[in-house]
Amino acid sequence: MPKRVDHEERRTQIAEALVRVAGRRGLHAVGMRDVAAEAGVSLRLVQYYFQTKEKLLFYGLQHLTDRFTARVGARLAAAGPDPGPRATIEALLLASLPVDEESRTFHLLYSSYSILSVTDEALAAQPFVDNPDAAENALTGLLERAQAQGLADPGADARTEAISLLAMAATLGTGILVGQRDSASAVAVLHHHLDRIFTTAGHRAEVPGTTA
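A. Structural view of the overall build of the protein. Secondary structure summary: the protein contains 10 helices and zero strands in total. Seen in sequence order, the protein has helices and strands lined up from the N terminus as α-α-α-α-α-α-α-α-α-α. A burial count over the protein gives 40% of its 212 residues as buried. Summarising the internal contacts of the protein: among those between residues at least 6 apart in sequence, 65% fall at separations of at least 24. Of the roughly 11200 Å² of accessible surface on the protein, a fraction of 55% belongs to carbon and sulfur atoms.

So, in structure tokens, the structure goes:
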């Protein structure tokens, strides 16, 4: 009896191959043939599942986002059953910094995709991410919760602070990638700004593994 093919598993296999080869060569230099060779499958099979390079890249981006979400979840699980708003924000921000091979690949490919989507009409025609404001909304809600609990500056604009923190984390991540700064200094900068927002600066809630 023929073996039943798990199509989602096969798509994931191909997406993982895309991530590996793009992490080595850069997203702009990757073709469907390269991904097929990395995955150990035929070019025709990659084309069967994704039809175009643009669809393959978009699926790969979604796959990276799922992996990022899992990393944030692991940090939160390590922080205990109720880590609180600040520790949750730290987990989200610090998971995005390129401090190891996994997070480096995420930052590199996510940044590359955003740049390519500016000049590639086929990429620009599809949404960059399904919910582009998800992280911003999540941080805003956490900051508003902290304010309601008396843990954060009540006069701060939660939305503006959320946008600023996300932009800062992205820029710091790029600085780490290009060797402008090390991960310890980037983490220190994020902590500095969180100390400014949170009124309990002298009693900062730490997330395990946030030092680098």
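B. Looking closely at the confidence of the model for the protein. Confidence in the prediction of the protein, expressed as mean pLDDT, is 85, and 89% of residues score 70 or more. In the model, residues 201–212 has pLDDT below 50 throughout and makes 26 contacts with residues more than four positions away in sequence or in other chains.

C. Representation of the packing of aromatic side chains. Within this structure, the stated rule accounts for four aromatic pairs. Ring plane angle 75 degrees and centroid distance 5.0 Å describe the contact between Tyr48 and Tyr49, whose orientation is recorded as edge-to-face. Between Phe68 and Phe106 the ring centres are 4.9 Å apart and the planes differ by 10 degrees, which places this aromatic pair in the stacked class. Note that Phe68 is positioned in helix α4 (residues 53–78) and Phe106 in helix α6 (residues 101–119), a separation of 38 residues in sequence. Assessed through its relative accessible area of 13%, Phe68 is described here as buried. Overall, Phe106 belongs to the buried group, its relative accessible area being 9%. An aromatic cluster is defined as three or more aromatic residues linked by ring pairs; in this entry it consists of Phe68, Phe106 and Tyr110.

D. Broad picture of the environment of Ser111. Assignment of secondary structure puts Ser111 in helix α6. The class for Ser111 is partly exposed, based on a relative accessible area of 26%. Distance in space between the C-alpha atoms of Ser111 and Leu27 is 9.6 Å, their sequence separation being 84 residues.

E. Here's a closer look at the environment of Leu143. Within the secondary structure, Leu143 is located in helix α8 (residues 134–148). The spacing of Leu143 and Asp157 is 14 residues in sequence and 8.9 Å in space, taken between C-alpha atoms. With residues near it in sequence (within four places) discarded, Leu143 still touches Ile89, Ala158, Glu161, Ala162, Ile197 and Phe198.

F. Expanded view of helix α2 (residues 32–39). If you check which residues of α2 are buried, you get Met32, Val35, Ala36 and Ala39. Summarising the axial view, the buried residues of α2 lie within an arc of 100 degrees, below the 170-degree limit, and thus occupy one face. Seen from the buried face of α2, the exposed residues on the opposite side, beyond 90 degrees, are Arg33 and Ala37.

G. Layout of unusual backbone geometry. Non-glycine residue Gln51 carries a positive phi angle of around 60 degrees. When you line up the elements, Gln51 lands in the loop between α3 (43–50) and α4.

Criteria and cut-off values
- Residues numbered from 1 in each chain as written.
- Predicted model: local features only at pLDDT ≥ 70, side-chain atom pairs only at ≥ 80, totals over all residues.
- Heavy atoms only, no water.
- Helix = DSSP H or I, 4+ residues; strand = E, 2+ residues; numbered from the N terminus.
- Buried < 20%, exposed > 50% of the residue type's maximum accessible area, 1.4 Å probe, protein only.
- Contact = heavy atoms within 4.5 Å.
- Areas by Shrake-Rupley, 256 points an atom, 1.4 Å probe, with all protein chains shown as cover.
- pLDDT = per-residue confidence, 0-100.
- Phe/Tyr/Trp six-rings, centres within 6.5 Å; stacked < 30°, edge-to-face > 60°.
- Arc of directions from axis to C-beta.

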